[in-house]
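# Architecture and fold: a report
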Amino acid sequence: MPITDFAPETAEFYGRDPETAFAHLRATDPVHWYEPGGFWCLTRQAEIREASRQPTIFSSAYGIQMFQIAEAHAGHGPTPDDPAAASILQLDPPDHLRHRKLVMSAFRPKYMAELETRIREIAVESLDACDPTSDVDFVEQIAVPLPMRVIAEMIGVPPGDAAVFRRWSDSIIEAGGGGVTEQTLHDMGELYAYFTEKIEDHRATPRADIITILLDAEIEGETLGKGEILMFLLTLLVAGNETTRNLIAGGGRALAEHPDQQLRLAADPSLIPGAVDEMLRWVTPVRSFVRRAQVDTAIGGTPIKAEDYVVMFYGSGNRDEAVFGPTAHEFDVTRADAYHHISFGFGEHLCLGAALAKVEGRVMFEELLRRWPSWDITGDIEPLRSCLMNGLVHMPVELRS
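Residues numbered from 1 in each chain as written. Predicted model: local features only at pLDDT ≥ 70, side-chain atom pairs only at ≥ 80, totals over all residues. Heavy atoms only, no water.

## Focus on the overall build of the protein chain
- Summing up its helical and strand segments, the protein chain has 16 helices and 14 strands in all.
- The C-alpha radius of gyration computed for the protein chain amounts to 21 Å, which stays within 12% of the reference 21 Å derived for 401 residues, consistent with globular compactness.
- Counting only C-alpha atoms, the protein chain reaches 60 × 60 × 40 Å along its principal axes.
- The buried share of the protein chain, reckoned over its 401 residues, is 53%.
- Carbon and sulfur atoms make up 54% of the accessible area of the protein chain, which totals about 16,700 Å².
- One way to put it: in the protein chain the 35 positive side-chain charges average out to a point 4 Å from where the 61 negative ones average out. (Helix = DSSP H or I, 4+ residues; strand = E, 2+ residues; numbered from the N terminus. Rg over C-alpha atoms; globule rule 2.2 N^0.38 Å. Buried < 20%, exposed > 50% of the residue type's maximum accessible area, 1.4 Å probe, protein only. Areas by Shrake-Rupley, 256 points an atom, 1.4 Å probe, with all protein chains shown as cover. Lys, Arg positive; Asp, Glu negative; His and termini not counted. Charge placed at Lys NZ, Arg CZ, Asp CG, Glu CD.)

The structure is reproduced here in structure tokens:
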């Protein structure tokens, strides 16, 4: 793709050939000034990690998505004083770590191991509902149910509310990508009202879930306000649901499109944990996040001025030849260095749900490949139209025993 076609702030760009453009930038201009968007593009892991490990210099508080850069240039972007800054994603140190500690216990690897039995039960139930005698929508029937039900139970949402919970979650992603419509605003309002009611219900009758954890939490002797709890719940909803859905859906597509890898994985299930890291690298569920420089600085030797925005393109970093060698553009379930991916971010803002996503991905593909060692794509794949999330909306497959 000629660099003239480079437009990473648009969904259309990702429907063309983004990898060629990113490979060109990694090789020739890894810290690239993108004039139309008014931001720096970081396309190699070295520079992405360099920015990520300096959260006091590269701030999250002025927006973390590309559409927010456009808002800032127009004079109405987010600031640290905005209500949206209550989201843990838009907090800088030391506030970020203080808030992060509140829910870390619910996402520790040890707890994930204890949760695995329930994760496997939900995975089995989801696959039991699939009819292999006809085409199955891999996204709706396999990728969606598991992470949705797991995070809903962790938050404290009863099973009967799962359907509407899904609609609200999808609206958050649509709004997060800048696609705010009357319907998404309506859905967001419903979700706020729902969680407000749940918070009050949990205040009266505490339970063993994240809502109760947040209600009991204190920061410097003060409990969290309702707005802070709401933002936490919205963030956890996306982090614990959408990204894992995209991992499973994208991983399923990668295996179908690489049948030799699919057969290798089915023949040797011990490869699945490492294969999940390779799926995370290959898919990269979240395409990018944004930071703003607080002072005059530099990345990779390139001067960055105070108030300049930088965009960390995780998908490009996950194809970085300097990290993954000459086979960086190949999908390989036996790749020994796949765990060097940056699909969960890096540094201060490393994804809280990383351990949960990997357990869910591993369990789902263990159960799926045990039943159906292969599947073929039988129709058109509908990608999610987004410059933020790398996801699928529909993917019809035939499951084969």
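## Here we look at the sheet that holds strand β10 (residues 309–313)
- Pairing is mixed in the open sheet, where 5 strands are placed in the order β1-β2-β10-β7-β3. Of all the strands in the sheet, just β1 (31–34) and β3 (58–59) have a single pairing partner and so form its edges.
- Alignment of strand β7 (residues 288–293) against β10, held across 5 bridges, turns out to be antiparallel. Within the sheet, the bridge partner assigned to Val290 lies in β10 and is Val311. (Pairing = 2+ DSSP bridges.)

## Some words on the layout of surface pockets
- Quantified by volume, the second largest pocket comes out at close to 780 Å³.
- Among the elements of the structure, α1 (18–28), α11 (226–257), α13 (272–283) and α14 (314–317) are those that each provide at least two residues to the lining of the second largest pocket.
- It is α11 that contributes the most residues to the lining of the second largest pocket, 5 residues altogether.
- A per-class count over the lining of the second largest pocket returns 12 nonpolar, 9 polar and 9 charged. (1 Å grid on protein atoms, 1.4 Å probe; cavity = no way out; pocket = protein on both sides within 12 Å on 5 of 7 lines; lining within 4 Å. Points joined across faces, edges and corners; volume = space filled by probe spheres on them. Nonpolar A, V, L, I, M, F, W, Y, C, P; charged D, E, K, R; others polar.)

## Things to note about the packing of α13 against helix α16 (residues 354–371)
- The contact between α13 and α16 brings their axes to 9 Å, and the two run at 115°. Judged by the twist between their axes, the crossing of α13 over α16 is right-handed. Of α16, the residues touching α13 (which contributes Ile272, Pro273, Val276, Asp277, Met279 and Leu280) are Lys358, Gly361, Arg362, Phe365, Glu366 and Leu369.
- Of the residues in the contact of α13 with α16, the class split is 7 nonpolar, 1 polar and 4 charged. (Axes fitted to C-alpha atoms, helices over the stretch in contact; angles between N-to-C directions. Left-handed = near helix turned anticlockwise from the far one by under 90°. Contact = heavy atoms within 4.5 Å.)

## Some details on the side chain of Glu360
- On the secondary structure map, Glu360 appears in helix α16.
- Not counting the four nearest positions on each side in its chain, Glu360 is found in contact with Ile119, Leu146, Pro147, Val150, Gly240 and Thr244.

## Remarks on the pattern of salt bridges
- As enumerated under the stated definition, the model contains 24 salt bridges in all.
- Between Arg203 and Glu200 there is a salt bridge whose closest N-O contact spans 3.5 Å. Of this pair, Arg203 and Glu200 both sit in helix α9 (residues 182–204), 3 residues apart, roughly one helical turn.
- By relative accessible area, which is 40% here, Glu200 ends up partly exposed.
- Linking Glu242 and Arg245 is a salt bridge whose minimum nitrogen-to-oxygen distance equals 3.4 Å. Here Arg245 and Glu242 lie together in helix α11, a separation of 3 residues that amounts to about one turn.
- With relative accessibility at 4%, the residue Glu242 sits in the buried group.
- It is possible to trace a salt-bridge network through shared partners that takes in Glu116, Arg120, Arg362, Glu366, Glu367 and Arg370. (Salt bridge = Lys/Arg side-chain N within 4 Å of Asp/Glu carboxyl O.)

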